[in-house]
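# Structure assessment
Listed below, chain by chain, are the residues.
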Amino acid sequence: NAGVTQTPKFRILKIGQSMTLQCTQDMNHNYMYWYRQDPGMGLKLIYYSVGAGITDKGEVPNGYNVSRSTTEDFPLRLELAAPSQTSVYFCASRLDREGTEAFFGQGTRLTVV
Amino acid sequence: GNSVTQMEGPVTLSEEAFLTINCTYTATGYPSLFWYVQYPGEGLQLLLKATKADDKGSNKGFEATYRKETTSFHLEKGSVQVSDSAVYFCALLRGSARQLTFGSGTQLTVLP
């Protein structure tokens, strides 16, 4: 039972570099989310998707892009890394049904130097 | 809009103490309510949930009752352990909303 899998677990980027955070889920959930969590803070929603081909902005989308070509995968792209993007990133998914909880991945700790 | 207000942290308790973490919400109608726990270096895990008024969610000795009249979902445990040290998040999901609304989290430290 893999659930939500994120890769990599850790990454150090230099300012201006690009990278893709991978997220895949095997529960056939149609809703998927990307959050960031800064030290001592709560979760902030970056982007979400309600199904393949459909994405929408969350609270803090600037500097990020997403795509959803399949139900299983929801990668997050950082085009020009900045120190302000140093954070822990969590992917989550849930079923489109009232009262259902979200399942979270283990997180990617990203440091931009 | 929907919102969740959690008790300010951090909270530090001795082992076997009683725990209460307050959570109140603002939402129309009857949202579903959740408590998530985040252990150090890990993602969030569902601890318990309640989907209608007066429901009690429970898991691992933790309990929370959905109180519509006070719009609250306070987390309680009768006797905490060192292994309960974590960050606890209250969250709600309102009807057809596409995303959960999270509180700011409460850091709990239990000392031996």
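Summary of the structure given here. (Residues numbered from 1 in each chain as written. Chains lettered and ligands numbered in written order. Predicted model: local features only at pLDDT ≥ 70, side-chain atom pairs only at ≥ 80, totals over all residues. Heavy atoms only, no water.)

### Quick look at the overall build of chain B
Convention followed: Only runs of H or I of at least four residues qualify as helices and only runs of E of at least two qualify as strands under DSSP, and these elements are numbered from the N terminus. Only C-alpha atoms enter the radius of gyration, while the globule expectation follows 2.2 Å times N to the 0.38, with N the number of residues. What makes two residues a contact is simply this: any of their non-hydrogen atoms within 4.5 Å. Using the Shrake-Rupley algorithm and a 1.4 Å probe, accessible areas are obtained, with residue cover drawn only from the displayed protein chains. All tallies of charge rest on Lys and Arg as positive and Asp and Glu as negative; His and the ends of each chain are not included. Where a charge lies is defined by one atom per residue type, namely NZ (Lys), CZ (Arg), CG (Asp) and CD (Glu).
Within chain B one finds 0 helices and 12 strands. Going from the N terminus to the C terminus, chain B shows its helices and strands as β-β-β-β-β-β-β-β-β-β-β-β. In terms of overall size, chain B behaves like a compact globule, its C-alpha atoms giving a radius of gyration of 13 Å where 112 residues would be expected to give roughly 13 Å. Restricting to contacts in chain B with at least 6 residues of sequence separation, those with at least 24 account for 55%. Accessible surface, chain B as shown: approximately 5,100 Å² in total, 47% of it carbon and sulfur. Distance from the positive charge centre (9 side chains) to the negative charge centre (10 side chains) of chain B: 12 Å.

### A few points about the pattern of salt bridges
Rule in force here: A carboxyl oxygen of Asp or Glu within 4 Å of a side-chain nitrogen of Lys or Arg is what we treat as a salt bridge. When a residue's accessible area, from a 1.4 Å probe over protein chains only, is under 20% of the maximum for its type it is buried; when over 50% it is exposed; and in between it is partly exposed.
As enumerated under the stated definition, the model contains 6 salt bridges over all chains in all. A salt bridge links A:Arg77 to A:Glu79, with the nearest nitrogen and oxygen atoms 3.3 Å apart. Judged by relative accessible area, which is 31%, A:Arg77 ranks as partly exposed. Measuring nitrogen to oxygen at the nearest pair gives 3.6 Å for the salt bridge that ties B:Lys56 to B:Glu63. B:Lys56 sits in the exposed class, given a relative accessible area of 51%.

### Quick notes on the environment of A:Asp96
Residues and elements named next belong to chain A. Rules: What qualifies as a polar contact is a pair of N or O atoms within 3.5 Å, subject to a donor-acceptor requirement within protein and to the restriction that residues adjacent in sequence count only when both atoms come from side chains.
Within the element layout of this structure, aspartate 96 appears in the loop between strand 9 (87-94) and strand 10 (103-104). Judged by its relative accessible area of 45%, aspartate 96 is partly exposed. Within polar-contact distance, the side chain of aspartate 96 engages the side chain of tyrosine 31 at 3.4 Å.

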